[in-house]
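Inside the fold
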Amino acid sequence: MASRSKLSQTQAAWLLLAPFLVTYTLFLIYPFFRGVWISLHDWNLLAVAFNPDAKEFVGMRNYERVMWGKDITWSVFNAPILQTLGLMGVALSIFLSRMGRLSSSNAIALGVVSVLLVFLPGFHPGEGGRWYDRRFWPTVGNTLVFVGFAVPGVTISALLLAAALNRETRAMSILRTLFFLSQVLSVTVVTLIWQIMFSPRQGLIANITETFGGTPINWLTDQQFAMAAIVIATVWWSLGIAMILFLAGLQDISKDIYEAAALDNAKGARAFWFITLPNLTRTISVVVILQIILHFQVFGQPHLMTQGGPNDTTQVLVRYIYQTGFRDSELGRASAMAVFLFLIMGSFSIIQFVIGREKN
Amino acid sequence: MNRSYYWLVLGLSIPAFLWLVPTLWMVSLSFQPNEVLARTTSSTFFGLIPLPFTWDNYAALFSFGQTPKWFLNSFIVAIGMTLGVLLVSTTAGYALARMEFPFKRAIMVICLIGLMVPEQAVFIPLYTMFAEFGWHNSYHALILPRMAVPIGVFLMMQFFKAIPKDIEEAARLDGVTWLKIFWYVMLPLARPAMMTLAILTFLYAWNDYLWPLVSAQQREYFTITLGLASIQSNFAQSEGLGRVMASGVIASLPVVILFLIFQRYVVQAMTAGGSKG
C-alpha cells in the first residue's frame, strides 16, 4: 500500500460529484422550487425588479385565476368529440390488453389518459358564469391539437421510412442521411424556410400551385390552415430522431423470423403488419411518449411563423407562459401555468420511465 | 441485389428529394440577387436553381450587420457549454458508476427526478435569479443553466459501468488514487462516449432558442439562432430575402458539417438518449 496521504473513496467521490451537484442544485432544483414559490405570489416582473418587496403572497389564487372561473359546473357530453375519443381510448385499452397486444403499463397509461379525456372536458361555466382566463383552456386545447397531429404524423412516417430504409447498403445510408438532415437545423432556420415556403406571394408552394392554375392558399394567416402549416413544418423538422429510434428497434428483431415468415409467403406489407409491428410495440410507445413530451413544449414554430395567430388558433401553452411572463409581466400567473406544464410533462416522463424499465 | 431493391431505392429517392427541397430552396435563394427576388422567387425551375447567380448576399453578411458577431457568440456559447457539460457529466458519471459512498442512491433518484423537469418549466425562475445576480447579457448567463442536464450524467454513467473492472482494480492494488485512476485510466477510455456527448451538446447549444431569447436582450449578445429570429420577421422589406436566406445558410453550416462528419456519434447518442433517458 502506498504511504502518501490520500482521499478516502467517499471524499474522492464527493469531490468528483461536486461540479454536477453545484450546477444541478443551483440551476435546476433551486429554480424549480423557486418557480413554485413565485406561482404562489402576485409577482409583477417590473415592480419586483425595482422593489423586491413588491410581491404579495396569494396562495393558490394564481392557479384559480388561470384554470378556474365563476360558476363552473360539470355535465356529461359537454365536449362530445373529445369525450367520445376518450371513451374509444378506454375501450381500446381494455380490448388491446385483453388481446395481449399491449403490456399492462401501456394499457394503464392509455386508460388513465382516456378517462381524463372523458372527465375533464365536462367542466364548463354554468349560466352567467365564465372562465377567469378565457385564453388558457383554448391554448391548452391548441397545444393538444398540435400534439394530436404532429405525433402521429411523425411516428407513422418515421416508422414506414425506417422499415423501408432498414438495409445496410450505401444507397440506403445516403437516403437515411437525407431524411435526417433537417433535424439538425435550428428552429429559427426551420421557421425561416417554411415561412417563405408557405408565403402566398413568394412561396414555393404558391409558385407551384399557380403554375398549375390553382389559387395560392394564404397558409399562415388562414384560420383553417395555420395549424396545419405548423404541423407540416414540424413533421419535416423532427422526423429524424423517431426514424433513428425505429431503425435501432428494427435491428433488434431477429432476421430468422422474417426468413421463417417468407416461407409462409409473408413478405412486404404482410411481414410489416404481422412481424415488424408486434415486435416493435415497445419502441413505438417510447417514440410516441418522447414525441408527446417534446411537442407539448412547442414554442418556436408558432412564435415565429404565426405569432400565435390568426385569432389565437395557434397560440400554444409555452408561448402563453412566455407572453404572460415577459409581455404582461405577470410572473405569478405565468409560473402557475409553468407548474401545470411540469405536472403534465412529469406524468408522461413517469410513463416513459416505466416502459423503459419493462423487459420485452 | 435484386430488382425489387432497385425499385425501392428509386421509390425512396423521390420523397428524399422532396424532403431536401425546402433546404435546397433556401440555399438557392441565398445565391440570387435581392432585386430579382423582390420581383419573383421562381426565376429558374421554381427558383431551385440559383440563376441569376451572385455572391453579394454572403459578402454583405460579413461586411456589415451583426451576423459575424452573432456567429462568434454562438461558437463561444456552444463550445463553453460543451466543455462544461463534459466536465460535469464525466466526473459525476464516473463517481456514480464506479464508487461507493453514502447517499449514492438518493443522488441517483434526485437525478432521475431532474430528468422530468423541462426547461420550459424553470425558465421564469431562472430569469429572475439571473436578473438578481445582474448576469443577463453575458456569455456565462447563456452557458450556465444548460450545464445542469442530468441526461449527460446518465450517458457517461452507463458508459463507465460497461468498462471491465480489472484495469481499475489492478491500479487500485498498486495504490493509485481514485482521482488519478479517473484522470489517467478512465477518461482516455471514455473518449468515444465523450465525443458523442460533446456533439449532442454542441448541436443543442447552437440551436437553443427559448433561454437566449429571455436572457440576451442586447443584440451584441445574440447567438446566431436568436439573431436570425430577430431579422426574419422583416425579411421582405429591409434586409432583402437573399440576405436573410444567406444568414440561414451560414447559421446552419456548422451544425450540418458537424453532423455529416460525426454522423455515427449523433445517431448513437440519439439512440442511447432516446431509449434509456
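It should be noted that the structure appears before, not after, this text.
Bear in mind the structure is a predicted one, so any value in this text is a computation, not a measurement.

What follows concerns the overall build of chain B. Within chain B, the regular secondary structure consists of 16 helices and zero strands. For 277 residues, the compact-globule estimate of 2.2 N^0.38 gives 19 Å, and the C-alpha radius of gyration of chain B, at 23 Å, exceeds that figure by more than 25%. Overall, chain B is about 75 × 65 × 30 Å in size when its C-alpha atoms are taken along their principal axes. Excluding contacts between residues fewer than 6 apart, the proportion of contacts in chain B whose partners are at least 24 apart in sequence is 74%.

What follows is about the environment of arginine 61 of chain A. Residue and element names in this part refer to chain A. Of note, arginine 61 is situated in helix H3 (residues 61-67). Classification of arginine 61 by C-beta neighbours within 10 Å gives partly exposed; the count is 18. Between the alpha carbons of arginine 61 and aspartate 42 there is a distance of 8.6 Å; along the sequence they are 19 residues apart.

The subject of this paragraph is the environment of alanine 198 of chain B. Residue and element names in this part refer to chain B. Inspection of the secondary structure puts alanine 198 in helix H11 (residues 191-207). For alanine 198, a count of 21 C-beta atoms within 10 Å corresponds to the buried category. Sequence separation between alanine 198 and arginine 219 is 21 residues; the distance between their C-alpha atoms is 27 Å. Among residues more than four places away in sequence, those in contact with alanine 198 are Thr82 and Leu86.

Once that is clear, we can look at the packing of H11 of chain B against helix H15 (residues 241-261) of chain B. All names here are of chain B. For the pair H11 and H15, interaxial distance at closest approach is 10 Å and the crossing angle is 160 degrees. Relative to H15, the element H11 lies roughly antiparallel. For H11 against H15, the interelement crossing comes out left-handed. Residues Ile199, Phe202, Leu203, Trp206 and Asn207 of H11 touch H15, and the partners they reach there are Pro254, Val255 and Leu258. Of the residues that constitute the contact of H11 with H15, the class distribution is seven nonpolar, one polar and no charged.

Contacts between the two partners involve 72 residues from chain B and, on the opposite side, 72 residues from chain A. Top contributing element to the side of chain B that touches chain A by residue count: helix H1 (residues 3-30) of chain B, with 10 residues. A class-by-class count of the residues in the side of chain B that touches chain A yields 51 nonpolar, 19 polar and two charged.

A word on the nonpolar core. Judged by nonpolar contacts, the single largest core of 165 residues is most densely connected at Ala158, Ala242, Met243, Ile321 and Met337 of chain A together with Met156 and Leu197 of chain B. Broken down by element, the residue count for this core peaks at 15 residues, all from helix H10 (residues 226-251) of chain A. Residue contributions to this core reach at least three from each of two domains, namely domain 1 (3-54) and domain 2 (65-276) of chain B.

Definitions and cut-offs
- Residues numbered from 1 in each chain as written.
- Chains lettered and ligands numbered in written order.
- Predicted model: local features only at pLDDT ≥ 70, side-chain atom pairs only at ≥ 80, totals over all residues.
- Helix = DSSP H or I, 4+ residues; strand = E, 2+ residues; numbered from the N terminus.
- Rg over C-alpha atoms; globule rule 2.2 N^0.38 Å.
- Contact = placed C-beta atoms within 7 Å.
- Buried ≥ 20, exposed ≤ 12 C-beta atoms within 10 Å, placed from the backbone.
- Axes fitted to C-alpha atoms, helices over the stretch in contact; angles between N-to-C directions.
- Parallel < 35°, antiparallel > 145°, perpendicular 65-115°, else oblique.
- Left-handed = near helix turned anticlockwise from the far one by under 90°.
- Nonpolar A, V, L, I, M, F, W, Y, C, P; charged D, E, K, R; others polar.
- Core = buried A, V, L, I, M, F, W, Y, C linked by C-beta atoms within 7 Å.
- Domains from an automatic or database assignment.

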